[in-house]
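Spelled out, the chains give:
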Amino acid sequence: MHERDAAAIEARDAAPEAFFEAGFDAAAAGYPGKRAVGYKFMIGHNPRLLREVIARREDIALIHVHRENKLAQAASLLQAEATSQWALVGEPGAPQPMLPHRPLQLTGVINDNATRDFLFAEWLSQLPHRRLSVEYREMFLPGFEERLCDFLGVAYDPTMSSNLRKQGTNRVLDRFEHRKAIATFMRRIGHGDWLGEEL
């Protein structure tokens, strides 16, 4: 981790509400005159934001992105941790390294993610905020941009696009070294559908 990143995390955890508001200020400054701005908040960023800030900021619209394919979710997390590359902007560079994890290592990550996602969704369902729940694959379907703009109350622009790119291979199993063992394990626990192409 770079010293700059460590300092930013320390500042975030020391004053999470100020950091939260600064995120919106930075987004607004970067896109002056826009009717809707926002940024991505990961569940693990700071629990105080959930308890002390988001719950009482009913003026904020929440877009909850979840992922049914927990093997793909685990692979994305593990690859990001291995490469320190949490987002891919523009054209892909070098191929992602193969993940060395074996089934019993993966199942811990998968179960942890599934439990956290379940508890977060339960908490989210109790909030009075305007919110939109989106499964990961829906973001790649025709009409998603129109649906998102309608939720935010902004006009759809057919030229809109994101410079973020998918990092992992579309066939989830191809991201792992021990593909045979993982495939056997996933089929045994009833999730053979997670092994193939996600999109």
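Here, the structure is the one placed above.
About the criteria used
Residues numbered from 1 in each chain as written. Predicted model: local features only at pLDDT ≥ 70, side-chain atom pairs only at ≥ 80, totals over all residues. Heavy atoms only, no water. Helix = DSSP H or I, 4+ residues; strand = E, 2+ residues; numbered from the N terminus. Buried < 20%, exposed > 50% of the residue type's maximum accessible area, 1.4 Å probe, protein only. Contact = heavy atoms within 4.5 Å. Areas by Shrake-Rupley, 256 points an atom, 1.4 Å probe, with all protein chains shown as cover. Patch = residues over 30% accessible without salt bridge, like charges linked within 9 Å, V, L, I, M, F, W, Y side chains within 5 Å. Salt bridge = Lys/Arg side-chain N within 4 Å of Asp/Glu carboxyl O. Phe/Tyr/Trp six-rings, centres within 6.5 Å; stacked < 30°, edge-to-face > 60°. Core = buried A, V, L, I, M, F, W, Y, C linked by side-chain atoms within 4.5 Å. Axes fitted to C-alpha atoms, helices over the stretch in contact; angles between N-to-C directions. Parallel < 35°, antiparallel > 145°, perpendicular 65-115°, else oblique. Polar contact = N/O pair within 3.5 Å; in protein donor to acceptor, adjacent residues only side chain to side chain.

Q: What is the right way to read the overall build of the protein chain from this model?
A: Across its full length, the protein chain carries 7 helices and 4 strands. Burial status across the protein chain gives 30% buried among its 199 residues. In the protein chain, the proportion of contacts linking residues at least 24 apart, taken out of those at least 6 apart, comes to 72%. For the protein chain, the exposed area adds up to about 12800 Å²; of that, 55% sits on carbon and sulfur atoms.

Q: I would appreciate a short explanation of a nonpolar patch on the surface in the present structure.
A: Taken together, the side chains of Ile 63, Val 65 and Leu 152 make up a nonpolar region of the molecular surface, amounting to roughly 210 Å² of accessible area. Structurally, Leu 152 can be placed in helix α6 (residues 144-152). Using a relative accessible area of 32% as the deciding quantity, one classes Leu 152 as partly exposed.

Q: Is there a simple way to think about the packing of aromatic side chains in this case?
A: How two aromatic rings sit relative to each other is set out by the distance from centre to centre and by the angle between their planes. Inspection of the entire model under this criterion finds 3 aromatic pairs. Ring centres of Phe 20 and Phe 24 lie 5.3 Å apart, and the angle between their planes is 75 degrees; on these two criteria the pair is classed as edge-to-face. Here the residue Phe 20 and the residue Phe 24 both occupy positions in helix α2 (residues 16-30), the gap between them amounting to 4 residues, near one helical turn. On the numbers, 5.5 Å between centres and 40 degrees between planes, the contact of Phe 120 with Trp 123 is tilted.

Q: Explanation requested: the nonpolar core in the structure shown.
A: Inside soluble globular proteins, nonpolar side chains tend to come together where they are buried. Counting 18 residues, the largest nonpolar core has Leu 71, Leu 106, Ile 110, Phe 176, Ile 182, Met 186 and Leu 195 as its most contacted members. Secondary structure elements with two or more residues in this core: α4 (70-83), α5 (103-125) and α7 (179-188). Among the elements that line this core, the one with the most residues is α4, at 5 residues. Other than its neighbours up to four places away in sequence, Ile 110 contacts Lys 70, Leu 71, Ala 74, Met 186 and Trp 194.

Q: Teacher, can you tell me more about the packing of α4 against α5 here?
A: For any two helices packed against each other, one specifies the crossing angle of their axes together with the interaxial distance. Taken N-terminus to C-terminus, the directions of α4 and α5 make an angle of 105 degrees; their axes are 9 Å apart at the nearest point. Considering their axes alone, α4 and α5 lie roughly perpendicular with respect to each other. Residues Lys 70, Leu 71, Gln 73, Ala 74, Leu 77 and Leu 78 of α4 form the contact with α5, whose own contacting residues are Leu 106, Val 109, Ile 110, Asn 113, Ala 114 and Asp 117.

Q: For this particular structure, what's the right way to read the side chain of His 64?
A: By secondary structure assignment, the location of His 64 is in strand β1 (residues 62-66). Among residues more than four places away in sequence, those in contact with His 64 are Phe 120, Ala 121, Leu 124, Leu 132, Ser 133 and Val 134.

Q: So what exactly am I meant to see when it comes to the environment of Gln 105 here?
A: Its location among the elements puts Gln 105 in helix α5. Judged by relative accessible area, Gln 105 falls into the partly exposed class, the value being 46%. A polar contact of 2.7 Å, which involves the side chain of Gln 105, links it to the backbone nitrogen of Arg 102.

Q: Please explain the environment of Pro 47 as it appears in this structure.
A: Assignment of secondary structure puts Pro 47 in helix α3 (residues 47-53). With relative accessibility at 48%, the residue Pro 47 sits in the partly exposed group.

Q: What should I look at first to understand the pattern of salt bridges in this one?
A: Opposite charge on two side chains lets them pair, provided their charged atoms get close. Tallied over the entire structure, the rule returns 11 salt bridges. In this structure, Lys 70 and Asp 117 form a salt bridge, with 2.4 Å as the shortest nitrogen-oxygen distance. Pair noted here: Lys 70 is in helix α4 and Asp 117 is in helix α5, with a separation of 47 residues, a long-range link. Both residues of the pair, Lys 70 and Asp 117, count as buried. Ionic pairing is found between Arg 147 and Glu 138, a salt bridge with its closest N-O pair at 2.5 Å. By relative accessible area, which is 34% here, Arg 147 ends up partly exposed. Classification of Glu 138 by relative accessible area gives partly exposed; the value is 24%. A network of salt bridges, in which partner residues are shared, links Glu 21, Arg 57 and Asp 59.

Note that every value here comes from positions in space, so none of it alone points to a role or purpose.
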